[in-house]
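A closer look at the structure
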Amino acid sequence: MGMPPNAAMTEAYGRIHRRLQTGEVVILDGGIGSELQEAGYPEHKADRPKNFTWGSLAIHEAPDKLIEVHRRYAEAGADVLETHTFALNRVWAALQDGRIPLPKDAWQRMALDSVALVREGAKRAGRDDIAVAFACRTMDWPPEQQERARDYTGTYVPLDMERYLRPLAEVLATADDDHKPDLILMEIQKEIPEDLEFPDYHVFLETGIPLWVSYRRTIGKIVGVEGETILEDGDRFGQAARRFEEMGVSAVLVNCLPPPLIDGVGSWLRQYTDLPLGAYPNWGTYLDYEWDWSSCPPTSVFVEHARRWVAEGIQIIGGCCGTRPEQIRALVEVFKMPAMA
């Protein structure tokens, strides 16, 4: 490792980079954990509230179902498909304390396999032009709280730098071409340190793989999955965005919050950074590691939200939990221009 930011840029990411540089909109995929639910994982409805890895174990237990989910979003036209590794840190923690009966290093194989599964899903959709984003995070609830699903106490804590984050970065940096992602996407990050120092992000920037960073935040505050205010901290996110640009981060996004809370975020962040901006909201209602779509408005409402964000300068648009292929297909129909060579 120790490479400069973006030194390992692939041809696939180069296409995304050029489109962002020329002002085009790039389309992300939708909610993988929620779509897995529709694809039949977990198989039994009663098992959903126990799904504290939000389906990450499907990489090992149900790879064909995960391939099918990736195929659906590729067929819908997304430019960037994420690996289903957002909660891989929970797999790691459960392997270390024996809650998951697999070898303690099984998570490393799962990290690599997750990339191959995305590419196989895209292949089955007849797509060879997608970029693979390795989804992960550097903070989460403590392991003893991760299975509770609701009624958490306290706040996120940093993940283990030496035993998990640094080894994960090394796994990604040294992977062969079939298993190396085109970018790394930090998702649903929350707290931002007052000193604006990010040693965790530096570890991943040193892989040379382009890094996008996404927070569950709106203007001036951290919010929860339903949009509830968790902490107000003024302009800290904006100041952090400026710092990310200095560090070599390639894009700043917000995700997994209700669509109305994204309105205005693009214009606000643009005061602090020239980086490409992105947004991918949830759609529907979160239960206990389960998703409910009964309250969703029509897809046209989702698209109208996205139109407002693009008008503010947000260029990376997609969906988080609950966002299905039909919403991604609608975004593609409205925003996607012919791919550049």
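Above this text you will find the structure in question.
This one's a predicted model, so the numbers in the text were calculated from it and none came from an experiment.

Observations regarding the overall build of the protein
Counting its regular elements, the protein contains twelve helices and 15 strands. Relative to the 2.2 N^0.38 estimate, which gives 20 Å for 341 residues, the radius of gyration of the protein is 18 Å and therefore close to what a compact globule would have. Dimensions of the protein, computed from C-alpha atoms along their principal axes, come out at roughly 50 × 45 × 40 Å. Residues counted as buried form 60% of the 341 residues belonging to the protein. If you sum the accessible surface of the protein, you get close to 13100 Å²; carbon and sulfur atoms cover 50% of it. Of the side chains in the protein, 36 bear a positive and 53 a negative charge, and the two mean positions are spaced by 2 Å.

Description of the pairing of strand S12 (residues 277-280)
Burial along S12 is two-sided: Leu 277 and Ala 279 and Gly 278 and Tyr 280, pointing in opposite directions, are all buried. Bridge count for strand S11 (residues 251-255) against S12 is four bridges, and the pairing is parallel. Looking at the pairing, Leu 253 lines up with Gly 278 of S12. In the sheet, S12 pairs with strand S15 (residues 316-317) via two bridges, with the strands oriented parallel. Bridge assignment links Ala 279 to a residue of S15, and that residue is Ile 317.

What about the side chain of Thr 138?
Locating Thr 138 in the fold gives a position in the loop between strand S3 (131-136) and strand S4 (139-140). Residue classification places Thr 138 among the buried positions, given a relative accessible area of 2%. Polar contacts involving the side chain of Thr 138 include one to the side chain of Gln 189, which spans 2.6 Å. A distance of 2.7 Å separates a polar atom in the side chain of Thr 138 from a polar atom in the side chain of Asp 200.

Some words on the packing of aromatic side chains
Following the criterion strictly, the structure yields 15 aromatic pairs and no others. When the centroid spacing of 5.3 Å and the interplanar angle of 55 degrees are considered together, the rings of Tyr 215 and Phe 237 count as tilted. Linking Tyr 215 in strand S7 (residues 211-215) with Phe 237 in helix H9 (residues 236-247), this pair joins segments that are 22 residues apart in sequence. Judged on exposure class, the residue Tyr 215 and its partner Phe 237 are both buried. For the ring pair Tyr 215 and Phe 244, a centre distance of 6.2 Å and an interplane angle of 15 degrees mean the geometry is stacked.

What to know about unusual backbone geometry
The phi torsion of most residues other than glycine is negative, and most of the peptide bonds are trans. Residue Pro 42 is reached from Tyr 41 by a cis peptide bond, and omega for that bond is -5 degrees. A positive phi is found at Ile 188, a non-glycine position, where the angle reads about 45 degrees. Along the chain, Ile 188 falls in strand S6 (residues 183-189). By relative accessible area, which is 5% here, Ile 188 ends up buried.

Overview of the pattern of salt bridges
Throughout the structure, instances matching the rule amount to 25 salt bridges. Salt-bridge contacts for Glu 35 lead to Arg 72; the nearest nitrogen and oxygen are separated by 2.6 Å. Placement of Glu 35 in helix H2 (residues 32-39) and of Arg 72 in helix H4 (residues 63-76) is noted, with a sequence separation of 37 residues between them. The class of Glu 35 is buried, set by a relative accessible area of 1%. As a salt-bridge pair, Glu 35 and Arg 324 come within 2.8 Å of each other at their nearest N and O atoms. With Glu 35 in helix H2 and Arg 324 in the loop between S15 and helix H12 (325-335), this residue pair connects regions lying 289 residues apart in the sequence. Within this structure, Glu 35, Glu 38, Glu 68, Arg 71, Arg 72, Glu 75 and Arg 324 form a network of salt bridges that share partners.

What counts and what doesn't
Residues numbered from 1 in each chain as written. Predicted model: local features only at pLDDT ≥ 70, side-chain atom pairs only at ≥ 80, totals over all residues. Heavy atoms only, no water. Helix = DSSP H or I, 4+ residues; strand = E, 2+ residues; numbered from the N terminus. Rg over C-alpha atoms; globule rule 2.2 N^0.38 Å. Buried < 20%, exposed > 50% of the residue type's maximum accessible area, 1.4 Å probe, protein only. Areas by Shrake-Rupley, 256 points an atom, 1.4 Å probe, with all protein chains shown as cover. Lys, Arg positive; Asp, Glu negative; His and termini not counted. Charge placed at Lys NZ, Arg CZ, Asp CG, Glu CD. Pairing = 2+ DSSP bridges. Polar contact = N/O pair within 3.5 Å; in protein donor to acceptor, adjacent residues only side chain to side chain. Phe/Tyr/Trp six-rings, centres within 6.5 Å; stacked < 30°, edge-to-face > 60°. Salt bridge = Lys/Arg side-chain N within 4 Å of Asp/Glu carboxyl O.

Remember that the coordinates give geometry; whether it matters functionally is a separate question.
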